[in-house]
Amino acid sequence: MTSIRSHHAPPAGPRAQAGVMLLEALIAILIFSVGILGIVGLQATAVQQSSDARYRAQAAELAQQLLGQMWTGDRTATTLQTQYNCTPPCSSPGAGYATWYTQVKNNLPGVASDTNLQPAVIVDSAGIVNMTLYWRQASDQTGSSHQYKVQSQIGQ
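Below, the discussion takes up the overall build of the protein chain. Tallying secondary structure elements over the protein chain gives 3 helices and 3 strands in all. When each of the 156 residues of the protein chain is scored for burial, the buried share is 29%. Of the roughly 10,600 Å² of accessible surface on the protein chain, a fraction of 58% belongs to carbon and sulfur atoms.

Moving on: the packing of aromatic side chains. Under the defined criterion, the tally for this structure stands at 2 aromatic pairs. The interplanar angle of 20° and the centroid separation of 5.8 Å between the aromatic rings of Tyr97 and Tyr101 together place this pair among those described as stacked. With a gap of 4 residues between them, Tyr97 and Tyr101 both fall in helix 3 (residues 95-107), about one helical turn apart. The pair formed by Tyr97 and Tyr101 is uniform in burial state, with each residue classed as buried. Following the ring pairs from residue to residue traces out a cluster consisting of Tyr97, Trp100 and Tyr101.

Our focus in this paragraph is the pattern of salt bridges. By the definition in use, this model includes 1 salt bridge. With its nearest N and O atoms 2.7 Å apart, the salt bridge here joins Arg136 to Asp114. Taken as a pair, Arg136 in the loop between strand 2 (128-135) and strand 3 (146-153) and Asp114 in the loop between helix 3 and strand 1 (120-123) lie far apart in primary sequence, 22 residues in all. Asp114 carries the same exposure label as Arg136, and that label is buried.

Another aspect to go through is the packing of helix 1 (residues 20-72) against helix 3. Running from N to C, helix 1 and helix 3 point in directions that differ by 165°, and their axes come no closer than 11 Å. Classified by the interaxial angle, the pair formed by helix 1 and helix 3 is roughly antiparallel. By crossing handedness, the relation of helix 1 to helix 3 is classed as right-handed. Across from Tyr55, Gln58, Leu62, Gln65, Leu66 and Gln69 in helix 1, the residues of helix 3 making contact are Gly96, Trp100, Gln103, Val104 and Asn107. Considered class by class, the residues forming the contact of helix 1 with helix 3 number 5 nonpolar, 6 polar and no charged.

To continue, consider the pairing of strand 2. Here strand 1 runs beside strand 2; their pairing, made up of 4 bridges, is antiparallel. The residue bridging Ile122 from the neighbouring strand is Asn130, located in strand 2. Count of turn residues in the strand 1/strand 2 antiparallel hairpin: 4 residues, of which Gly127 carries a positive phi of about 85°. Here strand 2 runs beside strand 3; their pairing, made up of 8 bridges, is antiparallel. Looking at strand 3, one finds that Trp135 is bridged to His146.

Looking now at the side chain of His146. By the element assignment, His146 lies in strand 3. For His146, the side chain forms a polar contact with the side chain of Asp52, separated by 3.3 Å. Excluding its chain neighbours within four sequence positions, the residues that come into contact with His146 are Asp52, Arg56, Leu133, Tyr134, Trp135, Gln137 and Asp140.

A few words now on helix 2 (residues 77-84). Residues Ala77, Leu80 and Tyr84 constitute the buried set of helix 2. The buried residues of helix 2 all sit within an arc of 65° when viewed along its axis, so they share a single face. Opposite its buried face, helix 2 presents the exposed residues Thr78 and Thr82, each directed more than 90 degrees away. The secondary structure elements touched by the buried residues of helix 2 are helix 1, helix 3 and strand 1.

About the criteria used
Counting starts from 1 at the beginning of each chain's written sequence and moves along it residue by residue. Residues qualify for local features only when their pLDDT is at least 70, as the model is predicted, and side-chain atom pairs are given and counted only at 80 or more; totals for whole chains, interfaces and linings, by contrast, use all residues. Side-chain metrics rest on all non-hydrogen atoms present in the structure, leaving aside hydrogens and water. Counting from the N terminus, the helices are DSSP H or I runs at least four residues long and the strands are E runs at least two residues long. Each residue is placed in one exposure class: buried if its accessible area under a 1.4 Å probe, protein chains only, is under 20% of its type's maximum, exposed if it is over 50%, and partly exposed if it falls in between. What sets the accessible areas is the Shrake-Rupley method with a 1.4 Å probe; for residues, cover comes only from the shown protein chains. What counts as a ring pair is set by centres within 6.5 Å for rings of Phe, Tyr and Trp (its six-membered ring), and what kind of pair is set by the plane angle: stacked under 30 degrees, edge-to-face over 60, tilted for all other angles. Take a side-chain nitrogen of Lys or Arg and a carboxyl oxygen of Asp or Glu: if they are within 4 Å of each other, that pair is a salt bridge. Only the stretch in contact is used when fitting a helix axis, every axis being a line fitted to C-alpha atoms; angles between N-to-C directions are given from 0 to 180 degrees. Throughout this description, any angle smaller than 35 degrees is read as roughly parallel, any larger than 145 degrees as roughly antiparallel, any in the 65 to 115 degree range as roughly perpendicular, and the remainder as oblique. Should the near helix be turned counterclockwise from the far one by less than a right angle, the crossing is left-handed, whereas a clockwise turn marks it as right-handed. We call two residues in contact whenever any of their non-hydrogen atoms come within 4.5 Å of each other. Residue classes follow a fixed rule: Ala, Val, Leu, Ile, Met, Phe, Trp, Tyr, Cys and Pro count as nonpolar, while Asp, Glu, Lys and Arg count as charged, and any other residue, Gly among them, counts as polar. Note on pairing: two strands pair once DSSP finds at least 2 bridges between them. Counted as a polar contact is a pair of N or O atoms within 3.5 Å, where, for protein atoms, one must be capable of donating a hydrogen and the other of accepting one, and residues adjacent in sequence contribute only when both atoms are in side chains. By construction, the arc corresponds to the directions joining the helix axis to the C-beta atoms.

This is a description of form; function is not addressed.
Shown next, in the form of structure tokens:
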């Protein structure tokens, strides 16, 4: 009769497993670190998006404020053009635009320090108002800016 012998390796001694626990700990720390870095990146993006949303809402409010001023005053096209038309660079804007532009500079970042971010307000002969507001946050790259555009008809 033939006997089957199994050859088992002798149990590994402490010398064969030296450093395995350290390696497992280092891998766990690496995985944990990658997760933490991902969370920090998401947090930074959330803060930036929140800030951008705040300024976009502020731009919308400023645009609506100017449209409200146009609606409550003399709504003839020539008066609206005289009071509010400004295509940057605007050297001598009307009184309505100048007052509103001061508020824009105080509320949107970068507008006060960069004349290229001056808002454009164009009223055509039919009373259609095209308005574009610009702003640049401190974290934005040089040359890039955000914008908010609105078009409205001011009836007579």
